[in-house]
Amino acid sequence: MMFLQDNTGKLLMEDLHAPKCRFIQEYQEKLSGKIYPKVIEYEFSQGDKQLKYTLSQQNELEARDAAAGVPKLISLFLKLKGLHPSTTRNFALGQMEYQDGQTAISRKGEMIYEFIYLGLTVKDKMENA
């Protein structure tokens, strides 16, 4: 679910469906060995309204591999279930581009975001462009 409001609280658009998601650039996180997005793009739509949001990682601030150091039996169980819990915290630039046929708005700024993912791979579950 995604929604966008203006500075008065007026709802400009909402998208209750899965966004298009595409990895533009990726990197292998060293601690877990998983492939994570370095640059990722989301596209949302509602009728003639379109919103594109791009996150561009500048640097990884922290990574955690929750599967590291667990007893062998638990590690085996996680692998059999296709699980490998890990987290990355990143400093990034975010850019939003919105169009509704009459208005075009573009904004960008700095942010901190996290990817928390339980599976073996992030990309296979996210990318659907």
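Look up a bit, the structure's there.
Quantities reported herein were computed from a predicted structural model and do not represent experimental measurements.

Mind showing me how you'd approach the overall build of the protein chain here?
Counting its secondary structure elements, the protein chain contains two helices and seven strands. N-terminal to C-terminal, the α/β element order of the protein chain is β-β-β-β-β-α-β-β-α. Looking at the protein chain as a whole, 32% of its 129 residues are labelled buried. Nonlocal contacts in the protein chain, meaning residues at least 24 apart in sequence, comprise 57% of its contacts between residues at least 6 apart. About 8,500 Å² of surface is accessible on the protein chain, with carbon and sulfur atoms providing 53% of the total. Charged side chains in the protein chain number 17 positive and 17 negative. The centres of these two groups are separated by 6 Å.

So what exactly am I meant to see when it comes to a nonpolar patch on the surface here?
A cluster of nonpolar side chains, namely Met 1, Phe 3, Leu 11 and Leu 16, defines an oily patch on the protein surface of about 490 Å² accessible area. In this structure, Leu 16 sits in the loop between strand S2 (11-15) and strand S3 (20-28).

What exactly am I supposed to notice about the sheet that holds S3 here?
In a beta sheet, neighbouring strands pair by backbone hydrogen bonds and run either parallel or antiparallel. Judged by pairing direction, the sheet is antiparallel, and its five strands sit side by side in the order S3-S4-S5-S6-S7 without closing on themselves. One side of each edge strand has no neighbouring strand; the edge strands of this open sheet are S3 and strand S7 (104-119). Direction aside, the axes of adjacent strands within the sheet are offset by 20° on average. Examined bridge by bridge, strand S6 (residues 83-99) and S7 share 15 bridges and lie antiparallel to one another. Note that in S7 the partner of Gly 94 across the bridge is Gly 109.

Help me understand the pattern of salt bridges in this model?
Think of it this way: side chains of opposite charge can pair up when their charged atoms draw near. Under the definition given, this model contains five salt bridges. Look at the salt bridges and you will find they share partners, linking Glu 62, Arg 64, Arg 89 and Glu 114 into a network.

Explain the environment of Tyr 36 here, please?
Checked against the element boundaries, Tyr 36 lands in strand S4 (residues 35-46). Sequence spacing of Tyr 36 and Thr 121 is 85 residues, and the spatial spacing of their C-alpha atoms is 8.2 Å. A polar contact of 2.7 Å, which involves the side chain of Tyr 36, links it to the side chain of Ser 86.

Could you clarify how one ought to interpret the nonpolar core in this entry?
As a rule of thumb, soluble globular proteins bury nonpolar side chains together. Judged by nonpolar contacts, the single largest core of 21 residues is most densely connected at Ile 40, Tyr 42 and Met 126. Listing elements by their share of this core, those giving two or more residues are strand S1 (2-5), S2, S3, S4, strand S5 (49-65), S6 and S7. Of the residues forming this core, the biggest block, four residues, is contributed by S4. If we ignore the near neighbours within four places in the chain, the residues touching Ile 40 are Cys 21, Arg 22, Phe 23, Tyr 53, Thr 54, Leu 55, Phe 115 and Met 126.

What counts, and at which threshold
Residues numbered from 1 in each chain as written. Predicted model: local features only at pLDDT ≥ 70, side-chain atom pairs only at ≥ 80, totals over all residues. Heavy atoms only, no water. Helix = DSSP H or I, 4+ residues; strand = E, 2+ residues; numbered from the N terminus. Buried < 20%, exposed > 50% of the residue type's maximum accessible area, 1.4 Å probe, protein only. Contact = heavy atoms within 4.5 Å. Areas by Shrake-Rupley, 256 points an atom, 1.4 Å probe, with all protein chains shown as cover. Lys, Arg positive; Asp, Glu negative; His and termini not counted. Charge placed at Lys NZ, Arg CZ, Asp CG, Glu CD. Patch = residues over 30% accessible without salt bridge, like charges linked within 9 Å, V, L, I, M, F, W, Y side chains within 5 Å. Salt bridge = Lys/Arg side-chain N within 4 Å of Asp/Glu carboxyl O. Pairing = 2+ DSSP bridges. Axes fitted to C-alpha atoms, helices over the stretch in contact; angles between N-to-C directions. Polar contact = N/O pair within 3.5 Å; in protein donor to acceptor, adjacent residues only side chain to side chain. Core = buried A, V, L, I, M, F, W, Y, C linked by side-chain atoms within 4.5 Å.

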